[in-house]
Amino acid sequence: MGAGWLIVGISAAGAGAAAWLAYLRWKDSHRPEPWRLMLLTAVAGGSAVTAALLGYRLLDAVGASATWAALAGPWPAALATAVAIGATEELAKLLPVLAVARWSRHFDQLWDGPIYAGAAGVGFALAETVALFSFGETTLLETLARAATTPITHALFAAPWGLGLALWVLRDRPGALAVGLAVSIAAHAAYDLLLARPGTHLVAVGIVLALWVGLIAAGRHLSRSS
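Residues numbered from 1 in each chain as written. Predicted model: local features only at pLDDT ≥ 70, side-chain atom pairs only at ≥ 80, totals over all residues. Heavy atoms only, no water.

Asker: What's the story with helix α2 (residues 35-61) in this structure? I'm lost.
Answerer: Along an α-helix, residues three or four apart share an orientation, since each turn contains 3.6 residues. With 27 residues, α2 should reach 39 Å at 1.5 Å per residue; the first-to-last C-alpha distance of 40 Å fits that figure. Its maximal kink placed at Gly 46, α2 deviates by approximately 25°. Taken together, the buried positions of α2 are Leu 37, Met 38, Thr 41, Ala 42, Gly 45, Gly 46, Ala 48, Val 49, Ala 52, Gly 55, Tyr 56 and Leu 59. Residues of α2 that are buried make contact with α1 (3-27), α3 (75-103) and α4 (112-134). Looking at the residues trailing α2, positive phi occurs at Gly 63, about 80°. (Helix = DSSP H or I, 4+ residues; strand = E, 2+ residues; numbered from the N terminus. Expected span 1.5 Å × (residues − 1). Bend = angle between axes of the 7 residues up to and from the residue. Buried < 20%, exposed > 50% of the residue type's maximum accessible area, 1.4 Å probe, protein only. Contact = heavy atoms within 4.5 Å.)

Asker: When you look at the packing of α2 against α3 in this model, what are you seeing that I'm missing?
Answerer: The description of two helices packed together rests on the angle between their axes and the distance between the axes. Closest axis-to-axis distance for the α2/α3 pair is 8 Å, and the angle between their directions is 140°. Taken together, the axes of α2 and α3 are oblique relative to one another. As α2 packs across α3, the resulting crossing turns out to be right-handed. In this structure, α2 uses Leu 37, Thr 41, Ala 44, Gly 45, Ala 48, Ala 51, Ala 52, Gly 55, Tyr 56 and Leu 59 to contact α3, whose residues at the interface are Ala 84, Ile 85, Thr 88, Glu 89, Ala 92, Lys 93, Leu 95, Pro 96, Val 97 and Val 100. Of the residues that constitute the contact of α2 with α3, the class distribution is 14 nonpolar, four polar and two charged. (Axes fitted to C-alpha atoms, helices over the stretch in contact; angles between N-to-C directions. Parallel < 35°, antiparallel > 145°, perpendicular 65-115°, else oblique. Left-handed = near helix turned anticlockwise from the far one by under 90°. Nonpolar A, V, L, I, M, F, W, Y, C, P; charged D, E, K, R; others polar.)

Asker: Whenever I open this one, the pattern of salt bridges confuses me. Can you help?
Answerer: If charged atoms from side chains of opposite charge come close, those side chains can pair. Per the counting criterion, the structure on display carries three salt bridges. Salt-bridge contacts for Arg 31 lead to Asp 108; the nearest nitrogen and oxygen are separated by 3.2 Å. Of this pair, Arg 31 sits in the loop between α1 and α2 while Asp 108 sits in the loop between α3 and α4, placing them 77 residues apart in sequence. A relative accessible area of 40% places Asp 108 in the partly exposed class. (Salt bridge = Lys/Arg side-chain N within 4 Å of Asp/Glu carboxyl O.)

Asker: Is there a simple way to explain the environment of Gly 113 in this structure?
Answerer: Turning to its location among the elements, Gly 113 is positioned in helix α4. Taking the relative accessible area as the measure of exposure, Gly 113 reaches 0% and is therefore buried. Expressed as a C-alpha distance, the spacing of Gly 113 and His 154, which sit 41 residues apart in the sequence, is 14 Å. In this view, Gly 113 contacts Phe 107, Gly 162, Leu 163 and Ala 166; residues no more than four positions away in its chain are not counted.

See below:
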């Protein structure tokens, strides 16, 4: 792969991430969060890929390796792998948003949870896409497709735990984070599992669309009432 194509792929990934971050900003137009803090959260979300890699290494160390190939194998092992992937990546994305929620004065309404979680998801997707393309794990065409879709997909997976985090921090409901995280992990795991297996791709897309509809519906209420 030449340097020119590498620049094209990375530029496309960056443009896709920027577009979806702008979308989140637009969805937060009623009481918008500071651009700098959203960008910082996205950058931290990208750095969270490192935490996810450490999580995968820990799984390897205990003999529970989570690979994409395993998702297409026998159902019991594939399901366990999907849950391991979902838990590893959602917990990694949670870390920077937890810091924002606990220490930033701007985290002051329930809708901020999904917004900052989404920003971390966008950054995570960007770092993941760039890494895969840079190391030759994906083609240019696959990278362009990922640039268009994975930022919002990761943002939507994070939305349930983002809301749960906001309910914990702002309404003193610690159980809400556990519930939201469980929903996020389940959605992420189901999406990966269905996407990796033949004949179930449309169902996987349906999970993302359902989360998107839920985000839009929640945004209309939370951005005005919290």
